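Given next are the chains, with one letter for each unit.
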Amino acid sequence: MIAVLPYAALILLARSGRVSGRFVSERRQRGPILACVLVSVILGVSLLIWLGAGAQLLAVGIASILGLLVVTAVNLVWKLSIHAAIAAFVGVLQFTYLPPLIAGALLLVPVAVGWARVREGAHTPLQVLAGYGSGVAVFLCYLPILALVTS
């Protein structure tokens, strides 16, 4: 629900010509779309709370809301890579749950995502690096959120 519904709506909007495409290159179109994604994530986290989800899942959901607020604010004036931000967040998150060697190997995923975003022409290297930075920053916020929801 958190990701599938907004992405499906974005694909429909792109196919109908209401937005510039799946990657929404026109800045004025980003705000309403990211606001809808934020509402979807808030509803998803509310559902997790209602269902009694575990602390780790709940903390990831809350960190996702925080991350979305950050990338939405930035993307209203500049375009950072949300894909890179998510990949970096999940990549660093793996170090809290997996053995270091496996988690380290999984850091190839954010690198591949960043490379693909630049290769596809959707972002500049600086926009990808900014995405990585925001993803790591959100992870650093995730840790106290996790401590808060487990106490």
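Note that the structure is predicted; figures quoted are calculated from it, not measured. (Residues numbered from 1 in each chain as written. Predicted model: local features only at pLDDT ≥ 70, side-chain atom pairs only at ≥ 80, totals over all residues. Heavy atoms only, no water.)

**Description of the confidence of the model for the chain**
Piece 1. Scored by pLDDT, the chain has a mean of 89; 97% of the residues are at 70 or more.
Piece 2. Across the chain, the secondary-structure element scoring lowest on mean pLDDT is helix α1 (residues 4-15), at 79, and the one scoring highest is helix α6 (residues 108-119), at 97. (pLDDT = per-residue confidence, 0-100. Helix = DSSP H or I, 4+ residues; strand = E, 2+ residues; numbered from the N terminus.)

**A short note on helix α3 (residues 55-75)**
Piece 1. Taking 1.5 Å per residue, 21 residues should reach 30 Å; α3 reaches 30 Å between its end C-alpha atoms and fits that length.
Piece 2. Looking only at α3, the buried set comprises Leu58, Ala59, Gly61, Ala63, Ile65, Gly67, Leu68, Val71, Thr72 and Asn75.
Piece 3. Contact partners of the buried residues in α3: α2 (27-51), α4 (82-93) and α7 (125-150). (Expected span 1.5 Å × (residues − 1). Buried < 20%, exposed > 50% of the residue type's maximum accessible area, 1.4 Å probe, protein only. Contact = heavy atoms within 4.5 Å.)

**Brief notes about the environment of Ser16**
Piece 1. Relative to the helices and strands, Ser16 is located in the loop between α1 and α2.
Piece 2. On the accessibility criterion, Ser16 (45% relative accessible area) is partly exposed.
Piece 3. For the pair formed by Ser16 and His83, sequence separation is 67 residues and the distance between their alpha carbons is 23 Å.
Piece 4. At a separation of 3.0 Å, a polar atom in the side chain of Ser16 contacts the main-chain carbonyl oxygen of Leu13. (Polar contact = N/O pair within 3.5 Å; in protein donor to acceptor, adjacent residues only side chain to side chain.)

**Notes on the pattern of salt bridges**
Piece 1. Evaluation of the coordinates by the stated rule reveals one salt bridge.
Piece 2. Note that Glu120 and Arg117 form a salt bridge whose closest N and O atoms lie 3.2 Å from each other.
Piece 3. With a relative accessible area of 48%, Glu120 lands in the partly exposed category. (Salt bridge = Lys/Arg side-chain N within 4 Å of Asp/Glu carboxyl O.)

**Considerations on the nonpolar core**
Piece 1. Counting nine residues, the largest nonpolar core consists of Ala59, Ala63, Phe89, Leu93, Val138, Phe139, Tyr142, Ile145 and Leu146.
Piece 2. Elements with a minimum of two residues in this core: α3, α4 and α7.
Piece 3. Here the element with the most residues in this core is α7; it accounts for five residues.
Piece 4. With residues near it in sequence (within four places) discarded, Phe89 still touches Val60, Ala63, Gly135, Val138, Phe139 and Tyr142.
Piece 5. Counting eight residues, the second largest nonpolar core, distinct from the first, contains Leu38, Val41, Leu58 and Ile65. (Core = buried A, V, L, I, M, F, W, Y, C linked by side-chain atoms within 4.5 Å.)

**Remarks on a nonpolar patch on the surface**
Piece 1. Where nonpolar side chains cluster on the molecular surface, the patch consists of Leu76, Val77, Trp78, Leu126 and Leu129 and spans about 500 Å² of accessible area.
Piece 2. As for its placement among the helices and strands, Leu126 is situated in helix α7.
Piece 3. A residue is classified by how much of its surface remains accessible, and Leu126, at 57% relative accessible area, is exposed. (Patch = residues over 30% accessible without salt bridge, like charges linked within 9 Å, V, L, I, M, F, W, Y side chains within 5 Å. Areas by Shrake-Rupley, 256 points an atom, 1.4 Å probe, with all protein chains shown as cover.)

**Notes on the packing of α3 against α7**
Piece 1. Interhelical geometry of α3 versus α7 gives an angle of 140° and a closest axis separation of 8 Å. By the criterion of interaxial angle, the relationship of α3 to α7 is oblique. Seen along the crossing, α3 lies across α7 with a hand that is right-handed. Between α3, through Ala55, Gln56, Leu58, Ala59, Val60, Ile62, Ala63, Leu66, Gly67, Val70 and Val71, and α7, the contact on the second element is made entirely by Ser134, Val138, Cys141, Tyr142, Ile145, Leu146, Val149 and Thr150.
Piece 2. For the contact of α3 with α7, the per-class residue count stands at 15 nonpolar, four polar and no charged. (Axes fitted to C-alpha atoms, helices over the stretch in contact; angles between N-to-C directions. Parallel < 35°, antiparallel > 145°, perpendicular 65-115°, else oblique. Left-handed = near helix turned anticlockwise from the far one by under 90°. Nonpolar A, V, L, I, M, F, W, Y, C, P; charged D, E, K, R; others polar.)

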